[in-house]
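# Breakdown of the fold
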Amino acid sequence: MYDTSVGGILKRFFVELRQVCYPASFRIFGGDFVPEPAHAPSRRATQIASAATALWRLRKKLQEAENAVLPKELRHLPRHVMAAWDAMESCDIRVQDHTNQVYDPGMAVSVLTFQPERGAFKPRILETLRPTAFFDNNLIQRADVIVAVPDRESASGKSVFPE
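Residues numbered from 1 in each chain as written. Predicted model: local features only at pLDDT ≥ 70, side-chain atom pairs only at ≥ 80, totals over all residues. Heavy atoms only, no water.

## What to know about the environment of Val111
Heads up, the condition is: Per the convention used, a helix needs a DSSP run of H or I reaching at least four residues, while a strand needs a run of E reaching at least two, with both numbered from the N terminus. Every residue pair with non-hydrogen atoms within 4.5 Å of one another is taken to be in contact.
With respect to the secondary-structure elements, Val111 resides in strand β2 (residues 109-117). For the pair Val111 and Val147, spaced 36 residues apart in sequence, the C-alpha to C-alpha distance is 6.9 Å. Beyond its immediate chain neighbours, meaning those up to four positions away, Val111 contacts Tyr103, Val145 and Val147.

Right, here's the structure in full:
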């Protein structure tokens with residue numbers, strides 16, 4: 001039933017030792033059940049975040065092409081996207097785009113890369129590839145962003161970074 005190798009015994013020991021950290025009424029001994037971390041979003045929350053991200057991308061593309069002439073068959077598309085966006089917000093699903101915000105290392109975002117940019121004085125979010133999503137004011141998805149950082153030389157010609 002149990003793995004009797006040294007590795008198996010140590011694994012079982014640490015799983016059961018972790019249970020001692022909790023009050024007796026919440027402890028689970030003897031089973032192979034290892035609870036999922038409390039911070040992991042549920043499957044439903046992940047699906048909501050995926051749908052909200054897809055709608056955010058569609059809305060962003062339509063805003064970029066705002067002055068473009070759409071074919072007759074697609075002229076109603078922006079109106080339907082905005083109706084879906086309003087319905088999403090009425091269900092207490094909120095999407096946050098961080099583009100052009102000043103970057104703070106304490107922000108709840110995942111930085112994919114730091115990109116040097118000439119003329120930048122403070123780190124700022126250059127592009128949001130995936131937005132932050134909230135459901136019932138709970139974070140269900142962290143944003144993926146690219147951060148622009150000051151180039152090695154600032155506008156005054158002095159090095160921003162130590163040598």
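## Thoughts on the sheet that holds strand β5 (residues 138-141)
Inclusion rule: One requirement defines pairing of two strands: DSSP has to find at least two bridges between them. Under this scheme, a helix contributes an axis fitted over its contacting stretch, all axes are lines through C-alpha atoms, and angles between N-to-C directions fall in the 0 to 180 degree range.
Here 3 strands make up an open sheet; going across it, the order is β1-β4-β5 and the pairing antiparallel. Unpaired on one side and paired on the other, β1 (93-96) and β5 mark the two borders of the sheet. Across the sheet, the mean angle from the axis of one strand to that of its neighbour is 30°, orientation sign disregarded. Pairing of strand β4 (residues 132-135) with β5, which is carried by 3 bridges, proceeds in the antiparallel orientation. Its bridge partner being in β5, Ala133 is matched across the sheet by Gln141.

## Overview of helix α2 (residues 43-64)
Let me state the cut-off plainly: Helix span, expected: 1.5 Å multiplied by one less than the number of residues in the helix. To sort residues, take the accessible area from a 1.4 Å probe on protein chains only and compare it with the maximum for the residue type: under 20% means buried, over 50% means exposed, and anything in between is partly exposed.
Its 22 residues give α2 an end-to-end C-alpha distance of 32 Å, which sits within 8% of 32 Å, the value for a rise of 1.5 Å per residue. Restricting attention to buried positions, one finds in α2 the residues Ala45, Ile48, Ala49, Ala52, Thr53, Leu55, Trp56 and Leu62. Where the residues of α2 are buried, they touch α3 (77-90), β1, β3 (124-130), β4 and β5.

## Here we look at the confidence of the model for the chain
A low pLDDT score tells you not to read the predicted coordinates there in detail. Here is the rule we go by: pLDDT measures how confident the predictor is about each residue, on a scale from 0 to 100.
Confidence in the prediction of the chain, expressed as mean pLDDT, is 79, and 68% of residues score 70 or more. Within the model, the stretch residues 32-37 combines pLDDT values under 50 with 7 contacts to residues more than four positions away or in other chains. Between residues 159-163, whose pLDDT stays under 50, and residues either more than four places distant or in other chains, the model counts 8 contacts.

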